[in-house]
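Close look at the chain arrangement
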Amino acid sequence: MSAVHDAGPGTTGRHRVVLTGLGVVSSIGLGVKEFLGGLREGRSGARPITVFDTEGFAHANGCEIVEFDPLDWIRTLDAQHLGRAAQFSAAAARMALEDAGLDAADLRGRRGLISIGTTDGESYDLDQLVEDELKGGAGAFDPVAARRIPAGRLSVAIAQELELADAEAVTVPTACAAGNYAIGYGFDAVRSGEADYAFCGGADAMCRKTFTGFYRLGTIAPERCQPFDADRKGILTGEGAGVLVLERLESALERGATIYAEVLGYGLNCDAHHQVAPNRASVARCMELALDNAGVKPAEVDLISAHGTGTRANDITEAGAIREVFGTPPRTVSMKSMLGHSMGAASALGAIGCALAIANRFIPPTINHVTTDPECDVDCVPNQAVEADLKVVQNNGLAFGGNNAVVLLGRYDRPEEETC
């Protein structure tokens with residue numbers, strides 16, 4: 001049974017929801033096996049950006065994906081008609097389907113939900129179209145690229161690629177917390193019985209627009225991302241996709257699926273306090289909402305996967321909010337030290353990292369760490385992974401505009417009668 005939820009669906013009128021499939025496109029590994037290896041090793045995805053022209057910038061490191069071939073995963077659609085982010089999304093969904101041991105044909109007669117979060121949609125293509133227009137006018141537009149632009153394609157591409165005819169496809173545009181928002185949406189749909197399964201997560205591709213925006217804010221680090229470190233200098237922009245398969249516990253047990261973790265609950269809020277600055281009270285309140293929704297007490301949380309961007313404002317604000325809610329915080333790590341900030345994919349990849357940590361009983365490190373900032377004062381598990389028996393893990397996602405989303409995952413232990 002779950003470490004926290006011992007009651008079955010008959011007690012609450014709602015289904016228990018478990019995580020049975022993971023799909024990962026990231027700068028530290030493609031697929032769940034490589035991603036797990038990267039987290040254990042403390043692998044860095046940082047490298048000079050090549051996906052767009054960086055001339056004129058004093059520094060331009062990022063966490064770019066360089067070994068991704070969409071044809072390895074995309075089999076139904078013409079990959080050239082998908083933008084880079086949609087390619088990531090569809091590929092991660094195919095990976096998650098296979099990791100879950102599901103057959104797409106078996107899902108086609110069942111109700112499903114696809115929810116994918118994003119910050120930029122297909123802004124990489126938009127960058128190219130603007131450049132074409134400046135050089136040659138609107139007549140210079142590439143019509144194929146123009147058709148790739150709508151952000152709704154990030155979720156629709158999954159439905160089309162897997163040929164899921166009875167699935168609602170939603171793209172959630174709540175910036176850097178969007179992956180957690182999408183997971184919460186999928187959780188509600190499966191828990192209530194509105195959907196039999198959900199593919200949920202986030203996807204974004206690096207683009208010049210977003211890199212330039214963060215650069216002009218003075219928040220791009222010259223070389224590496226150092227969350228919670230006294231000498232941290234900001235974020236590295238990244239890219240990728242994380243897609244999770246959610247289904248009812250009884251469905252997973254019936255088919256003998258591997259259960260990575262149980263989704264215990266989530267919390268959302270939006271304070272609209274400031275365009276870019278996080279609000280401590282609002283972040284703390286979002287964590288409280290998630291804990292209440294999950295039926296978890298702060299003392300029961302073994303690990304927090306922080307938003308942890310490596311900027312001074314975020315790290316101090318988030319650490320302060322964690323102390324406000326937890327008193328003495330559990331270990332608090334930032335996977336962005338390895339992955340960079342993959343925008344709408346960030347909290348989805350964080351949730352996948354949390355599920356793998358629970359299932360494999362370890363804590364991923366916060367790499368590039370030298371000295372903890374006294375104003376942060378958290379045990380960020382510096383530089384090397386540690387073994388840990390995790391029962392409940394919290395995954396934070398914070399975004400511009402005060403959009404906050406927190407997801408709680410718990411270990412699922414089969415009752416003795418199920419394992420005999």
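Residues numbered from 1 in each chain as written. Predicted model: local features only at pLDDT ≥ 70, side-chain atom pairs only at ≥ 80, totals over all residues. Heavy atoms only, no water.

1. Here's the deal with the domain arrangement of the chain
- The domains assigned to the chain are domain 1 (18–254) and domain 2 (265–411).
- Computed from C-alpha coordinates alone, the two centres of domain 1 and domain 2 are separated by 20 Å.
- In this complex, domain 1 contributes 64 residues to the contact, which on the side of domain 2 involves 64 residues.
- Summed over both partners, the interface of domain 1 with domain 2 comes to about 4,600 Å²; 67% of that surface belongs to carbon and sulfur atoms. (Domains from an automatic or database assignment. Contact = heavy atoms within 4.5 Å. Buried area = accessible area lost by both parts, 1.4 Å probe.)

2. Thoughts on the nonpolar core
- If you look at the biggest cluster of nonpolar residues, it comprises 46 residues, and the most contacted ones within it are L22, F35, L39, L246, L356, L390 and L409.
- In terms of residues, this core owes the most to one element, helix 14 (residues 346–360), which gives 8 residues.
- Residues lining this core come from more than one domain, with at least three contributed by each of domain 1 (18–254) and domain 2 (265–411).
- Leave out the neighbours within four places in its chain, and L409 touches A261, E262, V263, L264, A351, C354, A355, I358, K391, V392 and V393.
- Listed in part, the 36 residues of the second largest apolar core include V25, L102, Y197 and V243. (Core = buried A, V, L, I, M, F, W, Y, C linked by side-chain atoms within 4.5 Å. Buried < 20%, exposed > 50% of the residue type's maximum accessible area, 1.4 Å probe, protein only. Helix = DSSP H or I, 4+ residues; strand = E, 2+ residues; numbered from the N terminus.)

3. A look at a nonpolar patch on the surface
- Among the surface-exposed residues, L126, V130 and L134 lie close enough to one another that they form a single nonpolar patch of about 290 Å² accessible area.
- Note that L134 resides in helix 5 (residues 123–136). (Patch = residues over 30% accessible without salt bridge, like charges linked within 9 Å, V, L, I, M, F, W, Y side chains within 5 Å. Areas by Shrake-Rupley, 256 points an atom, 1.4 Å probe, with all protein chains shown as cover. Salt bridge = Lys/Arg side-chain N within 4 Å of Asp/Glu carboxyl O.)

4. Here we look at the pattern of salt bridges
- Per the counting criterion, the structure on display carries 27 salt bridges.
- With a closest N to O distance of 3.6 Å, R43 and E34 form a salt bridge.
- Residue classification places E34 among the partly exposed residues on the basis of a relative accessible area of 41%.
- Residues R248 and E250 are paired through a salt bridge, measuring 3.6 Å at the closest nitrogen-oxygen approach.
- The class of E250 is partly exposed, set by a relative accessible area of 31%.
- A cluster of three or more residues bridged by salt bridges with shared partners is formed by R232, R312, D315, D373 and E375.

5. Topic: unusual backbone geometry
- Even without glycine at this site, A272 takes up a positive phi of about 50 degrees.
- For A272, the location among the structural elements is in the loop between strand 9 (261–270) and helix 11 (280–294).
- For A272, a relative accessible area of 58% puts it in the exposed group.
- Non-glycine residue D377 carries a positive phi angle of around 50 degrees.
- Its location among the elements puts D377 in the loop between strand 12 (362–363) and strand 13 (386–387).

6. Concerning the packing of helix 3 (residues 84–99) against helix 7 (residues 153–162)
- Here helix 3 crosses helix 7 at 45 degrees, and the two axes come no closer than 8 Å. Between helix 3 and helix 7, the interaxial angle falls into the category oblique. In this structure, helix 3 meets helix 7 at a crossing whose hand is right-handed. Here A85, A86, S89, A90, A93, R94 and L97 of helix 3 lie close against helix 7, whose contacting residues are R153, L154, A157, I158, E161 and L162. (Axes fitted to C-alpha atoms, helices over the stretch in contact; angles between N-to-C directions. Parallel < 35°, antiparallel > 145°, perpendicular 65-115°, else oblique. Left-handed = near helix turned anticlockwise from the far one by under 90°.)

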